[in-house]
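What the coordinates show
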Amino acid sequence: ADLDAIARAVLQLAEERPVLAGGGAGVATALARSAADPSAGAQASTLPTVPVTGRLILAGSASAATRGQIAAFSGERLVLDPLELAAGPSALDRVRDALAARADRLAPVLIHASPEVAAAQRELGAGRAATLLEDAISALAAFAVHELGVSHLLVAGGETSGAVTAGLGIDRLRIGSQAAPGVPWAVADSAGCTVAVLLKSGNFGGPGLFTDAWEVAP
């Protein structure tokens with residue numbers, strides 16, 4: 001309720017002069033909510049329903065919260081190793097083939113960085129290792145959405161989220177219900193496909209987010 005009051009005040013001020021608003025994801029969510037419907041109060045904006053044709057989790061963050069979410073996830077998982085990615089395209093092809101071969105795409109599958117990423121950072125350099133992971137995850141997101149018809153993506157990591165949205169050509173998000181504080185679902189268009197996305201910074205969300213977030217997905 002406080003965030004909605006702040007948002008209404010900011011939008012009222014913006015009618016008089018330019019305003020630069022800074023703050024956490026909750027402020028941005030409230031601004032979008034109030035701009036769409038000033039009377040909406042604390043209710044999340046309504047999003048179109050996205051028929052579920054596939055669920056994919058992409059985790060590039062090495063934060064403590066994301067590591068806990070990876071450990072708590074009990075479903076199928078595929079691992080990306082920066083050293084293997086640096087050696088050639090076979091590592092990325094292997095994961096693509098595994099995604100394409102899945103019989104049940106409605107069950108979430110997790111793609112995450114190898115636990116040995118620190119060793120890769122020492123050998124390749126932190127920047128090079130991060131770029132390899134982000135490029136691979138971005139390519140896998142585009143493959144999943146455009147080639148396999150996956151409808152729902154959960155992306156963990158700020159830089160990873162940026163890489164995925166860039167790879168999908170997403171330039172606008174319609175913000176909806178929160179799966180956790182500061183972690184809302186959104187709907188976007190990507191090359192003619194409608195996709196539901198949850199983009200989170202590494203340390204956001206509780207341990208069960210990778211399992212529970214789907215319950216409030218559009």
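What comes next concerns the included structure. (Residues numbered from 1 in each chain as written. Predicted model: local features only at pLDDT ≥ 70, side-chain atom pairs only at ≥ 80, totals over all residues. Heavy atoms only, no water.)

**Some words on the pairing of strand β6 (residues 183–190)**
For β6, a buried count of seven out of eight residues is recorded, marking the element as mostly surrounded by other parts of the structure. The antiparallel pairing of strand β5 (residues 174–180) with β6 creates a hairpin that spans two residues between the two strands, and Gly182 there sits at a positive phi of about 75°. Inspection of the sheet shows β6 paired to strand β7 (residues 193–200) by six bridges, in the antiparallel sense. Residue pairing across strands places Asp189 opposite Thr194, the latter belonging to β7. In this structure, the hairpin formed by β6 and β7 is closed by a connection of two residues, where Ala191 is found at a positive phi of approximately 50°. (Buried < 20%, exposed > 50% of the residue type's maximum accessible area, 1.4 Å probe, protein only. Helix = DSSP H or I, 4+ residues; strand = E, 2+ residues; numbered from the N terminus. Pairing = 2+ DSSP bridges.)

**With respect to the packing of aromatic side chains**
Per the counting criterion, the structure on display carries one aromatic pair. Between Trp185 and Trp214, the aromatic rings sit 5.6 Å apart at their centres with planes inclined by 50°, giving tilted as the arrangement. With a gap of 29 residues between them, Trp185 in strand β6 and Trp214 in the segment after α9 (209–212) connect regions that are remote in the sequence. (Phe/Tyr/Trp six-rings, centres within 6.5 Å; stacked < 30°, edge-to-face > 60°.)

**A look at the pairing of β7**
As paired elements, strand β4 (residues 152–156) and β7 share five bridges and run parallel to each other. Within the sheet, the bridge partner assigned to Leu154 lies in β7 and is Leu198.

**Section: the pattern of salt bridges**
Within the structure shown, the criterion is met by four salt bridges. Across the salt bridge formed by Glu76 and Arg102, the nearest N and O atoms sit 2.9 Å from each other. A residue pair is termed long-range when its members are at least 10 positions apart, and Glu76 in strand β2 (residues 76–80) and Arg102 in the loop between α5 (90–101) and β3 (109–113) qualify at 26 residues. Residue class for Arg102 comes out buried when judged on its relative accessible area of 11%. (Salt bridge = Lys/Arg side-chain N within 4 Å of Asp/Glu carboxyl O.)

**Quick notes on the packing of α5 against helix α7 (residues 126–146)**
Taken N-terminus to C-terminus, the directions of α5 and α7 make an angle of 30°; their axes are 11 Å apart at the nearest point. It follows that α5 is roughly parallel to α7 by the angle criterion. For the pair α5 and α7, the crossing hand works out as right-handed. Within the contact between the two elements, α5 uses Leu92, Val95, Arg96, Leu99 and Ala100 and α7 uses Ala136, Ala139, Leu140 and Phe143. In terms of residue class, the contact of α5 with α7 is built from eight nonpolar, no polar and one charged. (Axes fitted to C-alpha atoms, helices over the stretch in contact; angles between N-to-C directions. Parallel < 35°, antiparallel > 145°, perpendicular 65-115°, else oblique. Left-handed = near helix turned anticlockwise from the far one by under 90°. Contact = heavy atoms within 4.5 Å. Nonpolar A, V, L, I, M, F, W, Y, C, P; charged D, E, K, R; others polar.)

**As for unusual backbone geometry**
Its identity as a non-glycine residue notwithstanding, Ala191 has a phi of 50°, on the positive side. Mapped onto the secondary structure, Ala191 falls in the loop between β6 and β7. Exposure remark for Ala191: the relative accessible area of 69% places this residue in the exposed category.

**Considerations on α5**
Taking 1.5 Å as the rise per residue, α5 with twelve residues should run 16 Å; its terminal C-alpha atoms sit 16 Å apart, in good agreement. Every buried residue belonging to α5 is among Ala91, Leu92, Val95 and Leu99, and all of these are buried. Taken around the axis of α5, the buried residues stretch over an arc of 100°, which confines them to a single face. Turned more than 90 degrees away from the buried face of α5, the exposed residues are Ser90, Asp97 and Ala101. (Expected span 1.5 Å × (residues − 1). Arc of directions from axis to C-beta.)

**Description of the side chain of Ser190**
Checked against the element boundaries, Ser190 lands in strand β6. A polar side-chain atom of Ser190 sits 2.8 Å from a polar atom in the side chain of His146. Filtering out sequence-adjacent residues up to four positions away, Ser190 remains in contact with His146, Leu168, Ile170 and Val195. (Polar contact = N/O pair within 3.5 Å; in protein donor to acceptor, adjacent residues only side chain to side chain.)

**Some remarks on the packing of helix α1 (residues 2–14) against helix α2 (residues 25–36)**
At a closest axis distance of 8 Å, the pairing of α1 and α2 adopts a crossing angle of 65°. Read as a crossing pair, α1 and α2 show a hand that is right-handed. In this structure, α1 contributes Leu3, Asp4, Ala7, Arg8, Val10 and Leu11 to the contact, and α2 contributes Gly26, Val27, Ala30, Leu31, Arg33, Ser34 and Ala35. Tallied by class, residues from the contact of α1 with α2 come to eight nonpolar, two polar and three charged.

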